[in-house]
Amino acid sequence: MLWIRLGARGQTLRVYRLHWAAGKTIGRLPAWLRPAALLYRNLRTLASYFLGAWTAGRPILAGREIRKALLLGLDYVYLADVPGDIAEFGTDTGTTAAIIAARMKEYDAMAARAPRHDRRFSERRLLLWDSFRGLPAAALPADLGSPHVASGVWGEGACRGLTEAELGQVCAKFLPRDRIAIQAGWYKDTLPRLAAGTRLALLHVDCDLYESAKEILEHGFSRGWIQNGAILLFDDWNTNRAEPGFGERRAWDEAVRRFSIHYSDMGSYGWGGRKFIVHRYSSPA
Ligand SMILES: C[S@@+](CC[C@H](N)C(=O)[O-])C[C@H]1O[C@@H](n2cnc3c(N)ncnc32)[C@H](O)[C@@H]1O
């Protein structure tokens, strides 16, 4: 076994394991074919590394429906003049953050051409929230019992992608750096630190776990950040076999009851997503 260290675009060092032992599958092949099979397997490992580094933060590579839903969500927020900033919870590869940032750049350009009285295209900030350490360990029964956690797909540290600095660089291709606010750390620590008076017009909730989504909704609604008219896009609505007792479905259902949220169900997107527009709610704070 050989360990190699590579830098993603010269920034992050990662370790990849190359295997030279045959193992079960390759061991079943005729002896003369094994070296070629081993070589192929190792080249595939390297290719996946380089592909991963190349795809990071490239808007074009998100699922078409997800990309479309995000763009329509942003169009809605700008054209319907919903007040507030744009937030993404769960940045991983930076792909969806880049989609959002690229569209915001287009609206910046429209602002320059719009008549002075038309304030719909006013500048907004992009708030990006991630641990930059992947998913937290599941702790609550609603997560521990969910199929994705039980199978290990959503294990601790899964979905660890770009570093904070890399994400900043990706988004700075589109927006001035002072309009990108990266909140690095666990939501339970970063959410309480956000300034009072924060206003959110669009929330892309892409953090997989029930507990993570619950923390976002609890802070967003109890502190009045989520504006009337805001749109929420849940990327993982149908994961966990669409079982309502798990994940984002459960977190939203509980928030609706706790904050008496009046909303419009704006329907599904892709195989897994669902979006809602909030009309009004009662915030205990
Ligand atoms: C599915 S990935 C997001 C995919 C991303 N939108 C993209 O385009 O690649 C889920 C992300 O949520 C983050 N996450 C989940 N729960 C979190 C928590 N409680 N605190 C901080 N980050 C969390 C993980 O670190 C991970 O990057």
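Residues numbered from 1 in each chain as written. Predicted model: local features only at pLDDT ≥ 70, side-chain atom pairs only at ≥ 80, totals over all residues.

1. Some points on the confidence of the model for the protein
Reasoning step 1: Overall, the prediction assigns the protein a mean pLDDT of 88, with 87% of residues at 70 or greater.
Reasoning step 2: In the model, residues 1-13 has pLDDT below 50 throughout and makes 28 contacts with residues more than four positions away in sequence or in other chains. (pLDDT = per-residue confidence, 0-100. Contact = placed C-beta atoms within 7 Å.)

2. A closer look at helix α4 (residues 95-113)
Reasoning step 1: Taking 1.5 Å of rise per residue, the 19 residues of α4 would be expected to cover 27 Å, and the 28 Å separating its terminal C-alpha atoms lies within 8% of that figure.
Reasoning step 2: For α4, the set of buried residues is Thr 95, Thr 96, Ala 97, Ala 98, Ile 99, Ile 100, Ala 101, Arg 103 and Met 104. (Helix = DSSP H or I, 4+ residues; strand = E, 2+ residues; numbered from the N terminus. Expected span 1.5 Å × (residues − 1). Buried ≥ 20, exposed ≤ 12 C-beta atoms within 10 Å, placed from the backbone.)

3. Some points on the packing of helix α3 (residues 64-79) against α4
Reasoning step 1: At a minimum axis distance of 10 Å, the contact between α3 and α4 shows a crossing angle of 35 degrees. Of the two possible hands of crossing, α3 and α4 adopt the one that is right-handed. Of the residues in α4, those touching α3 at Ile 66, Arg 67, Leu 70, Leu 71, Leu 74 and Tyr 78 are Thr 96, Ile 99, Ile 100, Arg 103, Met 104 and Tyr 107.
Reasoning step 2: Grouping the amino acids of the contact of α3 with α4 by side-chain chemistry returns 9 nonpolar, 1 polar and 2 charged. (Axes fitted to C-alpha atoms, helices over the stretch in contact; angles between N-to-C directions. Left-handed = near helix turned anticlockwise from the far one by under 90°. Nonpolar A, V, L, I, M, F, W, Y, C, P; charged D, E, K, R; others polar.)

4. Concerning the environment of Asp 75
Reasoning step 1: For Asp 75, the location among the structural elements is in helix α3.
Reasoning step 2: The exposure class of Asp 75 is partly exposed, given the 13 C-beta atoms found within 10 Å.
Reasoning step 3: Taking the C-alpha atoms as reference points, Asp 75 and Arg 103, separated by 28 residues in sequence, lie 8.6 Å from one another.

5. Describing unusual backbone geometry
Phi is mostly negative for residues that are not glycine, and the peptide bonds are mostly trans.
Reasoning step 1: Of note in this structure, Asp 208 is not a glycine but carries a positive phi near 70 degrees.
Reasoning step 2: Following the sequence through the fold, Asp 208 ends up in the loop between β6 (200-205) and α9 (210-222).
Reasoning step 3: Look at Arg 241: it is not a glycine, yet its phi comes out positive at around 55 degrees.
Reasoning step 4: With respect to the helices and strands, Arg 241 occurs in the loop between β7 (226-234) and α10 (247-258).
Reasoning step 5: According to the C-beta neighbour criterion, Arg 241 is exposed, with 9 such atoms within 10 Å.

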